Amino acid sequence: MNHAQTIVVKIGTSSLAQPETGKLALSTIAALVESLTELRQLGYFVVLVSSGAVGVGCSRLKLTERPKKIATKQAIAAVGQGRLIRVYDDLFTALNQPIAQVLLTRRELMERSCYVNAKNTFDALFELGVIPIVNENDTVAIEELNFGDNDTLSALVASLINAHWLFILTDVDQLYSADPRTFPDAKPIKVVNRLELDQLQIKAGNKGSQWGTGGMLTKLTAARLATSAGITTIITHGKKPENLLKIINGEDIGTKFEAQLKNDNARKRWIAYGLLPSGKLYLDQGAVKAISQKGKSLLAAGIIKVEGNFYSADAVQLCDKNGKEIARGIVNYSQEEIEKIKGNHSDNIPEILGYDGGGTIIHRDNLVINETFKN
Ligand SMILES: Nc1ncnc2c1ncn2[C@@H]1O[C@H](COP(=O)(O)OP(=O)(O)O)[C@@H](O)[C@H]1O
Ligand SMILES: N[C@@H](CCC(=O)OP(=O)(O)O)C(=O)O
């Protein structure tokens, strides 16, 4: 595989559908198709994460608002997804650009073998010259484990394929200090570095537009995830997809979230972003220092408190005594076992549990130090 730059472009329902009627915004979609095809022809590997299944399904079934009931929403997504991909396929085919439909759920990305498989599939699609079009598999996603908004999904896909750029296209031209619809004098925000992103104090409403779901909050979460995986993230207007290439070439359009140093370790990116933690371990100062500054494995002696209900091989958050997350990792012991051995020297584990179980609570290879798991 060569080292072409990889670009993930996410487009939200608010850009794909007309605000008044919920009907497809065909000219926007056509312009997007042209821009993505051009990028592909220039040699970039391109992934489109497209929302719209529920919105298009609603329009197809002549519903005037998004349903609240989960089963209805899932049924409507099944109607809309087919329509949506049909429209994309027609438009991309007019430009001789092959596409693929990739539907993902959170559950699959949590399974290491599925995660690796999905990555290999994307690589194979790139080699075949295809533009994959991703959406959440809404019809089977269960509520506790769904992305809900495609902003988070796009950041996880970008991390999965180790992308260079994540573009989040929406119905505003950039991030503002507050929702510009409610606060017309809100200030545009042009560049946000990693530190500022953690401290960003904006009124980023989570209401979204009539057809969208997440509003700006989920886009900021996505920016946090992506930038900590080393991916430059841009929020810009969905109506002007021709700006994508201009932005890549350095033009100052939209809001740019500067990336942190890239983490090229695929397994560590999976631990950090693919897995959903099911518990928390609170550590004393010595343990915090040992894992975050000296790169050591986590031992039972440094654990002061355990929260959650988890088993061996599950992911957990590691926090300092005040609850601030400092790392994530995969445990070698269950919550019940760690309750018994916390605060103890590793040599005493066989005596307390009646077996050894490996000694380290989290081996350093299964531990990722957190710069920013603030989702
Ligand atoms: N601080 C903010 N800056 C810009 N837009 C904001 C902000 N807070 C809330 N919004 C709203 O977020 C909306 C986009 O979110 P959403 O409808 O979920 O879009 P999409 O469907 O593209 O994901 C915009 O229409 C805007 O009104
Ligand atoms: N998977 C859903 C995405 C939900 C959604 O509306 O997301 P977004 O418009 O990006 O806020 C769909 O295709 O309708």
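Residues numbered from 1 in each chain as written. Chains lettered and ligands numbered in written order. Predicted model: local features only at pLDDT ≥ 70, side-chain atom pairs only at ≥ 80, totals over all residues. Heavy atoms only, no water.

### Examining the pairing of strand β1 (residues 6-11)
Point 1. Counting buried positions along β1 gives six out of six residues, so the element sits mostly inside the fold.
Point 2. Covered by surrounding structure in β1 are Thr6, Val8 and Lys10 together with Ile7, Val9 and Ile11, the residues of both alternating faces.
Point 3. One ladder, built from six bridges, connects β1 with strand β2 (residues 45-50); its direction is parallel. Residue isoleucine 11 lies in a different strand from β2, and its bridge partner there is serine 50.
Point 4. Alignment of β1 against strand β5 (residues 165-170), held across five bridges, turns out to be parallel. (Buried < 20%, exposed > 50% of the residue type's maximum accessible area, 1.4 Å probe, protein only. Helix = DSSP H or I, 4+ residues; strand = E, 2+ residues; numbered from the N terminus. Pairing = 2+ DSSP bridges.)

### Digging into the domain arrangement of the protein chain
Point 1. Taken domain by domain, the protein chain holds domain 1 (6-262) and domain 2 (277-373).
Point 2. Computed over C-alpha atoms, the centres of domain 1 and domain 2 are 35 Å apart. (Domains from an automatic or database assignment.)

### Quick word on a positive patch on the surface
Point 1. Together, Lys23, Arg60, Lys62 and Arg83 line one region of the surface with positive charge.
Point 2. By the element assignment, arginine 60 lies in helix α3 (residues 53-60). (Patch = residues over 30% accessible without salt bridge, like charges linked within 9 Å, V, L, I, M, F, W, Y side chains within 5 Å. Areas by Shrake-Rupley, 256 points an atom, 1.4 Å probe, with all protein chains shown as cover. Salt bridge = Lys/Arg side-chain N within 4 Å of Asp/Glu carboxyl O. Lys, Arg positive; Asp, Glu negative; His and termini not counted. Charge placed at Lys NZ, Arg CZ, Asp CG, Glu CD.)

### Describing the packing of aromatic side chains
Point 1. Summed over all chains, the structure comprises five aromatic pairs.
Point 2. Ring centres of tyrosine 115 and tryptophan 270 lie 6.3 Å apart, and the angle between their planes is 55°; this geometry places the pair in the tilted category. Here tyrosine 115, found in helix α6 (residues 112-127), pairs with tryptophan 270, found in helix α11 (residues 266-274); they are 155 residues apart in sequence, far enough to count as distant.
Point 3. Take tyrosine 115: its relative accessible area is 5%, and that puts it in the buried class. (Phe/Tyr/Trp six-rings, centres within 6.5 Å; stacked < 30°, edge-to-face > 60°.)

### Here's the deal with the UniProt feature "domain: PUA" (unreviewed entry) in the protein chain
Point 1. Per the UniProt record, "domain: PUA" (unreviewed entry) is found at residues 279-362.
Point 2. Annotated as residues 279-362, this span is 24% helix and 26% strand, and its ends, taken at the C-alpha atoms, are 13 Å apart. (UniProt positions renumbered as here; feature names shortened; annotations may be inferred.)

### With respect to the environment of threonine 21
Point 1. Here threonine 21 lies in the loop between α1 (13-16) and α2 (26-41).
Point 2. On the basis of relative accessibility, which here comes to 42%, the residue threonine 21 falls in the partly exposed class.

### Here's the deal with unusual backbone geometry
Point 1. One non-glycine residue, asparagine 96, lies in the positive phi region at around 60°.
Point 2. The topology assignment puts asparagine 96 in the loop between α4 (70-94) and β3 (99-104).
Point 3. One non-glycine residue, asparagine 162, adopts positive backbone phi at about 55°.
Point 4. Relative to the assigned elements, asparagine 162 resides in the loop between α7 (150-160) and β5.

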